[in-house]
Amino acid sequence: MAIKIFFLILLFNFWFRSSLSGQTNSMESVPDLQKSMYMAVDGYPCVRLANLSGEIGCSNPGRDKVVAPIIKYKNNIELAQPSAILLSMDDVQGFFSRISNDSSFARNVGGVLVESGVEIQHKLKGFSPAQKFPQAEFAPYLNTTYEWNPIGSGIMWKSYNFPVFLLSESSTSALQEIAMKNEKAEKAYTTNVAEFDVVMQTTKVGTHDSESCLTEETCLPLGGYSVWSAVPPINNSSSNQSKPIILTMASMDAVSFFRDKSLGADSPISGLISLLAAVDALSHVDGLDELNKQLVFLVFTGESWGYLGSRRFLLELDQQSDAVHGLNSTLIQLVMEIGSTGKGLNQGNKNFFAHTKVSSGANEAFDALKLAQESLKSEGVTVSNASSSNPGIPPSSLMAFLRKNSSTSGLVLEDFDTVFANKFYHSHLDDSANINSSSIVAAASLVARTLYVLASDKKDLTSSALSAINVNSSLVEELINCMLKCNPGLSCELVSSYIASINTCPSHYVGVVLGEPSSTPSPNQVDDVSRFVWNFLADRTSTPKSTTSVCSEDCGKNGGLCIRAELDGKGVCVISTTRYVPAYSTRLKFDSGTWKVLPPNSSDPMGMLDPVWTESNWNTIGLRVYTIQDAAYDRLVLLGGITVTVFAYLAIVLTRAYITKALKQD
């Protein structure tokens, strides 16, 4: 009998070891165990931003991670406990409206997971989290209640004490399944939860405005680097720099509710692509150095945040800093801005609108546009004066110029007349599917030919003469693929021929200023897009050289610039006037390694309005999903465990006594 019991014990021991061995094979390390328990979720967070008067954006409410069960949002849903809400794009606006109006509901929102999907733009009539009149306080006219963006909800300009993530398409499918499981197993002992790690330093330290967070170093100012370039290059050694300047500008920063999903395809990147394509077209025209006027191209960043780029540029002009060396503000004859150009296609025609402040210079610019239009008649391109019922120019960098000097002659070329054509303005849905490349090509053609008319100062230019200025449509397609898509994204051949990009997927969020601002920043201080624009413009606006020379210490002499230096450490030396201009608040000063907020200056009306935007620091941002058990079930398991332990102890004692007795009998 004892021998039988001994063999049973051996058999149990072998089975137990085998099961342990199998477990070890499948779980070879702690990370393997974590991977089996936790599902990391891909997404794009809404983060915390601050200004001088308070905060906007999203954050965990305290210092700890937020853990909440995942439930699918329905219009009439009531929350009994803090929950992670899975939200479709259809319900976003209604949900955030309810948050503002229903405090008891808002208290139980632990976090929000916004779904994404293919072709969602076609299902929505529109979605814009921006204001109805974006940045109305900077308008150079009194009617600031006008609605340029009628569908704007303004939800991205409010503060939320819970985390919000935009899910990737793959994560959306997974979370929909999990929410369905939770709904079906409502009374089960397990539930699937989301864990949000969006703890902001400003929340931890309690610095809830820009001045206090900059003092405590829990945030950094929004900003980056704008770029300007001259055609032909400006000879700084020459005493004769009296050519009138035609300034052509566009913006390269976008904004959305979700920080790293700011593409801004129509607003403003279509305008940027039009500008780059126009510069490329003009670079193939002979005799540019004989033009009667100086062409200057300017690409701003930070315009979505109080026109940081344009206002800083104007201040640098006043101070005649190194960043704008060679430019004289008194010589600026016309400011032409290329706004949104990606939605000008309508029934086969490409229609654009010139928004102007009435002046002789603006009238001359419009006449030049009409002459360019005539040369493009066969391509169905038309340009019209914007409606006289408009209160003035739409939200644009030109506003900063007009607020600085109301007599500035300016024009903004847009794809809309009285209201935005872009139904996804300042939204993550303003992507490459929201624009048409042929519209951008048409706008670039209009701009290139108009600038040639204005700069040559010839009244007798014929359509045939202008038809020699052609925009490369393949370049436009390539720029769209590089700057608005992840594949190939910033790893595309064009961008890779100039810089070694840090990121592949483009995002045109302005970012924060790293280190002390400089007119000659190191590459690690400048984002991918600004570095690409600088290299591209320096190349396309450079004076033709008989031989290409490798960069040396002498390159900087006589107006030389070293482009493509990131690729091999050597680069190519070209003759070009292309410079970076720091873009950050005019109310900020970098002093002894820290940022200081300057007192308001009554002589600077725009500075008085400057919100001084900053972004909170953070350690990590993460989102993961896992399963937890109900507390009552845990107590039941504990009780069961104690019971099993007691019975096991009794069984061992009885078995031991039985074996002892059996051995004695043998």
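For the structure itself, look to the data block above.
Source: prediction; values computed, not measured.

Criteria and cut-off values
Residues numbered from 1 in each chain as written. Predicted model: local features only at pLDDT ≥ 70, side-chain atom pairs only at ≥ 80, totals over all residues. Heavy atoms only, no water. Axes fitted to C-alpha atoms, helices over the stretch in contact; angles between N-to-C directions. Helix = DSSP H or I, 4+ residues; strand = E, 2+ residues; numbered from the N terminus. Parallel < 35°, antiparallel > 145°, perpendicular 65-115°, else oblique. Left-handed = near helix turned anticlockwise from the far one by under 90°. Contact = heavy atoms within 4.5 Å. Phe/Tyr/Trp six-rings, centres within 6.5 Å; stacked < 30°, edge-to-face > 60°. Buried < 20%, exposed > 50% of the residue type's maximum accessible area, 1.4 Å probe, protein only. Lys NZ or Arg CZ within 6 Å of the ring centre and 35° of its normal. Disulfide = S-S within 2.5 Å.

Trainee: Break down the packing of helix α13 (residues 437-456) against helix α15 (residues 473-484) for me, citing the residues and quoting the values.
Mentor: Put simply, α13 and α15 touch, their axes get as near as 10 Å, and they point 125° apart. Put simply, α13 runs oblique to α15. The two elements α13 and α15 meet at a crossing, and its hand is right-handed. Facing α13, whose interface residues are Ser437, Ile440 and Val441, α15 presents Ser473, Val476, Glu477 and Ile480.

Trainee: A description of the packing of aromatic side chains should follow, citing residues and the corresponding values.
Mentor: Taken as a whole and judged by the stated rule, the model has 30 aromatic pairs. Ring centres of tryptophan 148 and phenylalanine 416 lie 6.2 Å apart, and the angle between their planes is 65°; on these two criteria the pair is classed as edge-to-face. With a gap of 268 residues between them, tryptophan 148 in the loop between α5 (120-123) and β8 (159-160) and phenylalanine 416 in the loop between β19 (410-414) and α13 connect regions that are remote in the sequence. Per residue, the accessibility class of tryptophan 148 equals that of phenylalanine 416, and both read buried. Ring-pair connections join several aromatic residues into one group, and the members of that group are Tyr73, Phe95, Phe96, Phe105, Tyr160, Phe162, Phe257 and Phe258. The ring of tyrosine 38 carries the charged tip of arginine 624 above its face, separated from the ring centre by 3.8 Å.

Trainee: Describe unusual backbone geometry, listing the residues and the values that go with them.
Mentor: Geometrically, the link from valine 231 to proline 232 is a cis peptide bond, its omega value of -5° lying close to zero. Of note, proline 232 is situated in the loop between β12 (224-231) and β13 (245-251). Note that the residue after asparagine 487, namely proline 488, is joined by a cis bond; omega there is 5°. One non-glycine residue with positive phi stands out, namely tyrosine 307, at about 50°. Looking at the element boundaries, tyrosine 307 is found in the loop between β14 (294-300) and α10 (308-319). Take tyrosine 307: its relative accessible area is 3%, and that puts it in the buried class. Of note, valine 612 is a non-glycine position whose phi angle comes to about 55°, a positive value.

Trainee: Which residues make up the state of the cysteines, and what values do they have?
Mentor: Following the criterion strictly, the structure yields six disulfides and no others. What pairs with cysteine 46 in a disulfide is cysteine 58, and their sulfur atoms sit 2.0 Å apart. Between cysteine 46 and cysteine 58 the sulfur-sulfur dihedral comes to about 85°; the bridge is accordingly right-handed. You can see cysteine 46 sitting in the loop between β2 (43-45) and β3 (48-51) and its partner cysteine 58 sitting in strand β4 (residues 54-58), a full 12 residues away along the chain. Cysteine 58 shares its class with cysteine 46; the two are buried. With its sulfur 1.9 Å from that of its partner, cysteine 551 forms a disulfide with cysteine 562. The S-S bond linking cysteine 551 to cysteine 562 shows a torsion near 115°; that makes this disulfide right-handed. Linking cysteine 551 in the loop between β20 (549-550) and β21 (560-563) with cysteine 562 in strand β21, this pair joins segments that are 11 residues apart in sequence. Residue cysteine 551 is classed as buried on the basis of its relative accessible area, which comes to 17%.

Trainee: If you had to explain the environment of threonine 341 to someone new, which residues and values would you point to?
Mentor: Counting through the fold element by element, threonine 341 comes out in the loop between β15 (332-338) and β16 (345-346). Relative accessible area serves as the criterion here: at 0%, threonine 341 is assigned to the buried category. Threonine 341 sits 113 residues away from tryptophan 228 along the chain, and the two C-alpha atoms are 21 Å apart. Aside from chain neighbours lying at most four places away, what touches threonine 341 is Asp266, Ser270, Gly271, Ser274, Phe352, Asp415, Ser439, Ile440 and Ala443.

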